[in-house]
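Structural features, examined
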Amino acid sequence: MTAERQGKARIIPFLRYRDAQKAIGWLCEAFGFARHAVYEDEVGKVAHAELSYDGGFIMLGEMKDDALGMRTPAELGAVNQGIYVVVDDADAHYARAKAAGAEIVLDIKDQPYGSREYTARDLEGNLWSFGTYAPQAG
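These numbers were taken from a predicted model, which means no experiment stands behind them.

Describing the nonpolar core
In this structure, Leu27, Phe31, Phe33, Leu60 and Trp128 are the most contacted members of the largest nonpolar core, which totals 30 residues. Secondary-structure elements contributing two or more residues to this core are strand 1 (14-17), helix 1 (20-31), strand 3 (46-53), strand 4 (56-62), strand 5 (82-86), helix 3 (90-99), strand 7 (116-121) and strand 8 (127-131). Apart from residues lying up to four places away in sequence, Leu27 is in contact with Tyr17, Gly32, Phe33, Leu51, Ile58, Leu60, Asp122 and Trp128.

Structure (C-alpha cells):
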C-alpha cells in the first residue's frame, strides 16, 4: 500500500434509492451516518451522495434507468447483498435504530466469533448489519 493510500477507504458500497433525499435523512437519523457530500442533477434529484461513518463511506443516488440496471429490494421482492458496519457500542446503535423505526431483522446478540451485532432493513429494504466485529488485514 502506498503512503498516500494508507488510512483511506478502498471499498465503498454504493446504493440507489427511489427517494434518495429521504434515504439520506433516514440513514443519518437511524444509523448515525453523516452527510459528506450531496450533488443534485438539473431537476433537483440526488445524482451522487457520500455519507460517512467513523472514517468509512457509502455512496448513493437516485434510482434511474441506465446500464447498471440497479433496483431496490422493495422493487425486486428480494435482497441479494448486505452491508456490515463496525460500531463501538452495538447496544446504543441498536437503540438508536429502533427509536427511528428501523425494521429489526436479527435482534442484537453476542456471536460465537466475538461480535455483538444486529441486522436491520432501511426504508427501502436494504440489509444493514452493525456490530463490534472488525476483521483486520494482516
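From this point, the discussion proceeds with the structure in view.
Digging into helix 3
When we look at burial in helix 3, the residues that qualify are Ala90, His93, Tyr94 and Ala97. Considered in projection along helix 3, the buried side chains sweep an arc of 100° and stay on one side of the axis. Close packing links the buried residues of helix 3 with helix 1, strand 3, strand 6 (103-110), strand 7 and strand 8. Between a side-chain oxygen at the N-terminus of helix 3 and the backbone nitrogen of Asp91 the separation is 3.2 Å; the capping residue is Asp89. Immediately beyond the C-terminal end of helix 3, within one or two residues, lies Gly101, with a positive phi of roughly 90°.

As for the packing of aromatic side chains
On inspection of all chains with the given rule, the structure shows 9 aromatic pairs. Geometrically, the ring pair formed by Tyr94 and Tyr118 is edge-to-face, given 5.2 Å between the ring centres and 80° between the ring planes. One end of the pair, Tyr94, is in helix 3; the other, Tyr118, is in strand 7, with 24 residues separating them in the sequence.

Cut-off values and rules
- Every chain's residues receive numbers from 1 upward, in the order its sequence appears when written.
- Under the rules for a predicted model, residues below a pLDDT of 70 receive no local features and side-chain atom pairs below 80 are neither given nor counted, while totals for whole chains, interfaces and linings still include all residues.
- Only hydrogens and water are set aside when side-chain values are computed; all heavy atoms of the structure are taken into account.
- In plain words, nonpolar cores are sets of buried Ala, Val, Leu, Ile, Met, Phe, Trp, Tyr and Cys residues tied together by side-chain atoms within 4.5 Å.
- Only protein chains enter the accessibility calculation, which uses a 1.4 Å probe; a residue whose area is less than 20% of its type maximum is buried, one above 50% is exposed, and one in between is partly exposed.
- Here a strand is any run of E in DSSP of at least two residues, a helix any run of H or I of at least four, and the numbering for each starts at the N terminus.
- Only heavy atoms matter for contacts: two residues are in contact if any of them lie within 4.5 Å across the pair.
- Directions pointing from the helix axis toward each C-beta atom define the arc.
- Pairs of N or O atoms within 3.5 Å make up the polar contacts considered here, provided that, within protein, one atom can donate a hydrogen while the other can accept it, and that residues adjacent in sequence are counted only when both atoms are side-chain atoms.
- Two rings from Phe, Tyr or Trp (for Trp, the six-membered ring) form a pair when their centres are within 6.5 Å of each other. A pair whose planes differ by under 30 degrees is stacked, one over 60 is edge-to-face, and the rest are tilted.

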